[in-house]
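Coordinates in review
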Amino acid sequence: MKSTQIVFLAAALGIASTGPALAGALGGPPSPPAQTTAAMNGMQQSEVNSTSYFVLPTIGAIIQQSLRGMGGPGMLADGGDGPSATHRGMAASADGGWPMQVWLDGNGGYSKNSLAVGGYSLTSYGTQAGIQAQITPTFLVGLGTSWLGTSGPLNGGFTSHANSFGLTPYIGWQFDEHWNISAIAGYNLGRTSLRNSAPVYGADYDNDQWNFQGAFNGSYMIDSVRLSPTVSLLHVAVNNRSFVDSNGARVAGTSTALDRGSAGGALSLPMTGWEPYVRAAAEYDFSVPTGSAANGNAGGTVGVGTTIAITQAVWISFDAGYNSIGRTGLSLWSADARANLRF
């Protein structure tokens, strides 16, 4: 009897030590394929890029427009006769005319990563809305809300679809005639679906994201041209929560982060009723999202846009850019349209 127990114990230990393939053949849940992990990494990278190039730049632009009185370039500061002598056009809010502002934004873009493992081709789209108060002529606080969707194919035969919703408080302070600082903090909560038809595979998991950005911004008039330099530091942290996939296997949660420094600026031409601009920035990533190291940790962005005044209280803005100069195997495009109302 004792020898029989030893034989059964040895057989059990042998099964326990076999790989996932044998365990699956005997009825146990197989481990998720490596391609699933790579696909999740690709989605994380795309979510970080969308935050970096859609959500936070929109709010940064809102802050800068408010502090320099973009209710129409030159209109609030000098009655619309031409560019203001300084960049500060907050005369209306200073006398209590328009201390509040609401804004609505629509944005989208395209991200393609040609890496053999973890590559993707994804479309992003979303909306933002916010309200802010100009507490003093030189200090404002605001709150933005956002929805962001991402969908498209990933390498390994996967398709994905993700939705996230966020809240983003922000502040801006004009401490000098030509310089201001701003701070943005946000939290996003989302859900991502991965599907694969060969082999049949499905996974749905929740994720959350924290965003922090601080910026130091300037504005100078040189003859009829406005020079707007900026330096910023960004931290984005993404957490994928654990889940059970369609094979019954539990996948552990993962976390990744981006830490980025950026320096650049814009050249614009303030004219009565509108202000076109070109922009460019250089970026260096002190840490990169999981799976994206092959894209490099340095790059640049370029873009064009304009702000158009409808009235002294209403104005609209448009922006488009290419955001992956120098990034190996990566192509990132963004577009943005925004409406502002002061009251």
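Because the structure is a prediction, the values reported are computed rather than measured. (Residues numbered from 1 in each chain as written. Predicted model: local features only at pLDDT ≥ 70, side-chain atom pairs only at ≥ 80, totals over all residues. Heavy atoms only, no water.)

As for the nonpolar core
With 20 residues, the main nonpolar core has Met43, Leu154, Phe158, Leu194, Tyr205 and Phe243 as its most contacted residues. Elements that contribute at least two residues to this core include exactly α3 (34-67), β2 (120-136), β3 (139-154), β4 (158-174), β6 (200-218) and β15 (330-342). The greatest single-element share of this core, amounting to 6 residues, is contributed by α3. In this structure, Tyr205 is in contact with Met40, Met43, Gly190, Arg191, Thr192, Leu194, Asn240, Arg241 and Phe243, ignoring residues within four places of it in sequence. Counting 14 residues, the second-largest nonpolar core is a separate cluster that includes Ile59, Leu67, Ile184 and Leu234. (Core = buried A, V, L, I, M, F, W, Y, C linked by side-chain atoms within 4.5 Å. Buried < 20%, exposed > 50% of the residue type's maximum accessible area, 1.4 Å probe, protein only. Helix = DSSP H or I, 4+ residues; strand = E, 2+ residues; numbered from the N terminus. Contact = heavy atoms within 4.5 Å.)

Section: unusual backbone geometry
Despite not being glycine, Asp223 has its phi angle at roughly 55°, a positive value. Examined against the element boundaries, Asp223 turns out to sit in the loop between β7 (220-222) and β8 (225-240). Judged by relative accessible area, Asp223 falls into the exposed class, the value being 76%.

Some remarks on the side chain of Gln65
Along the chain, Gln65 turns up in helix α3. You can call Gln65 buried: its relative accessible area is 6%. At a separation of 3.3 Å, a polar atom in the side chain of Gln65 contacts the side chain of Trp315. (Polar contact = N/O pair within 3.5 Å; in protein donor to acceptor, adjacent residues only side chain to side chain.)

Concerning a nonpolar patch on the surface
Nonpolar side chains collect at one region of the surface, where Ile131, Leu143, Leu167, Leu341 and Phe343 lie side by side and expose about 430 Å² of accessible area between them. Along the polypeptide, Ile131 turns up in strand β2. Ile131 gets classed as partly exposed once you look at its relative accessible area, which sits at 40%. (Patch = residues over 30% accessible without salt bridge, like charges linked within 9 Å, V, L, I, M, F, W, Y side chains within 5 Å. Areas by Shrake-Rupley, 256 points an atom, 1.4 Å probe, with all protein chains shown as cover. Salt bridge = Lys/Arg side-chain N within 4 Å of Asp/Glu carboxyl O.)

Examining α3
Taking 1.5 Å per residue, 34 residues should reach 50 Å; α3 reaches 49 Å between its end C-alpha atoms and fits that length. Taking the largest bend as the criterion, α3 deviates by roughly 35°, centred on Thr51. The buried count for α3 comes to 29 of 34 residues, which makes it a mostly enclosed element. (Expected span 1.5 Å × (residues − 1). Bend = angle between axes of the 7 residues up to and from the residue.)

A closer look at the pairing of β2
Side chains on a regular strand alternate between the two faces of the sheet. Alignment of strand β1 (residues 100-113) against β2, held across 14 bridges, turns out to be antiparallel. Paired with Lys112 across the bridge in β2 is Ser121. In terms of strand pairing, β2 meets β3 through 14 bridges, oriented antiparallel. The partner of Thr123 across the bridge, within β3, is Ser151. Taking the residues that link successive antiparallel strands as the turn, the β2-β3 hairpin has 2 residues. (Pairing = 2+ DSSP bridges.)

Section: the packing of aromatic side chains
In total, this model carries 11 aromatic pairs according to the counting rule given. Ring geometry for Tyr205 against Phe243: centres 5.3 Å apart, planes inclined by 25°, an arrangement best described as stacked. A residue pair is termed long-range when its members are at least 10 positions apart, and Tyr205 in strand β6 and Phe243 in strand β9 (residues 243-244) qualify at 38 residues. In this structure, Tyr205 and Phe243 share a single accessibility class: buried. Look at Tyr322 and Trp333: their rings are 4.6 Å apart centre to centre, the planes differ by 55°, and that puts the pair in the tilted class. Taken together, the residues Tyr322 in strand β14 (residues 314-325) and Trp333 in strand β15 connect sequence positions 11 residues apart. These aromatic residues form a ring-pair network of at least three members: Trp173, Phe175, Trp179, Phe216 and Tyr220. (Phe/Tyr/Trp six-rings, centres within 6.5 Å; stacked < 30°, edge-to-face > 60°.)

Considerations on the pattern of salt bridges
Enumeration according to the criterion identifies 11 salt bridges in this entry. Ionic pairing is found between Asp204 and Arg195, a salt bridge with its closest N-O pair at 3.1 Å. Between Arg327 and Asp285 there is a salt bridge whose closest N-O contact spans 2.8 Å. In this pair, Arg327 sits in the loop between β14 and β15 while Asp285 sits in strand β12 (residues 274-287), placing the two residues 42 residues apart along the sequence. For Asp285, a relative accessible area of 4% gives the class buried. The network of salt bridges with common partners includes Arg260, Glu283, Asp285 and Arg327.

Let's talk about the pairing of β8
Relative to β8, β6 is paired through 11 bridges, and the arrangement is antiparallel. Counterpart to Ala215 in the pairing with β8 is Ser232. Sheet analysis places β7 next to β8, joined by 3 bridges and oriented antiparallel. Residue pairing in the sheet places Ile222 in a bridge with Val225 of β8. In sequence, β7 turns back onto β8 through a hairpin of 2 residues, with Asp223 there showing a positive phi of about 55°. Examined bridge by bridge, β8 and strand β11 (residues 254-268) share 15 bridges and lie antiparallel to one another. Paired with Arg226 across the strands is Ser268, a residue of β11.

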